[in-house]
Amino acid sequence: MKKSEAEPAIRTLATQWFNTLPADEQVHPSFYAFKAWLSANHYSLYLNFRSRMGADYDAEMWFDDELGQNWRR
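Below or above, wherever it landed, is the structure these notes cover. Please read these numbers as outputs of a predicted model, since none were measured by experiment. (Residues numbered from 1 in each chain as written. Predicted model: local features only at pLDDT ≥ 70, side-chain atom pairs only at ≥ 80, totals over all residues. Heavy atoms only, no water.)

### A word on the side chain of Q69
Along the polypeptide, Q69 turns up in the segment after helix 4 (55-66). Taking the relative accessible area as the measure of exposure, Q69 reaches 6% and is therefore buried. Separated by 3.3 Å, the side chain of Q69 and the backbone oxygen of L67 make a polar contact. Apart from the residues lying within four places of it in its own chain, the contact partners of Q69 are V27, P29 and D64. (Helix = DSSP H or I, 4+ residues; strand = E, 2+ residues; numbered from the N terminus. Buried < 20%, exposed > 50% of the residue type's maximum accessible area, 1.4 Å probe, protein only. Polar contact = N/O pair within 3.5 Å; in protein donor to acceptor, adjacent residues only side chain to side chain. Contact = heavy atoms within 4.5 Å.)

What follows is the structure, encoded as structure tokens:
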């Protein structure tokens, strides 16, 4: 998987996952819960790309950006 292919997929899946959460969990969405959801739904292949900082780091940045959680960084 190329990083450039993974980013739009992670962003789309983050929004899809977020929309399934109960309202109280949408306040502070968890990247680790999202990763577990990716794995359970056979989407973990999108976390398999080369990155200087690491695939999880980049995926979490995209997740935070997509869901408006950049204030946590």
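There's more to say after this.
### Brief notes about the packing of helix 1 (residues 3-18) against helix 3 (residues 31-40)
Where helix 1 contacts helix 3, the two axes come as close as 11 Å, and the packing angle between them is 100°. Considered as vectors, helix 1 and helix 3 are oriented roughly perpendicular to each other. Within the contact between the two elements, helix 1 uses I10, L13, A14, Q16 and W17 and helix 3 uses A33, F34, W37 and L38. For the contact of helix 1 with helix 3, a count of residues per class yields eight nonpolar, one polar and no charged. (Axes fitted to C-alpha atoms, helices over the stretch in contact; angles between N-to-C directions. Parallel < 35°, antiparallel > 145°, perpendicular 65-115°, else oblique. Nonpolar A, V, L, I, M, F, W, Y, C, P; charged D, E, K, R; others polar.)

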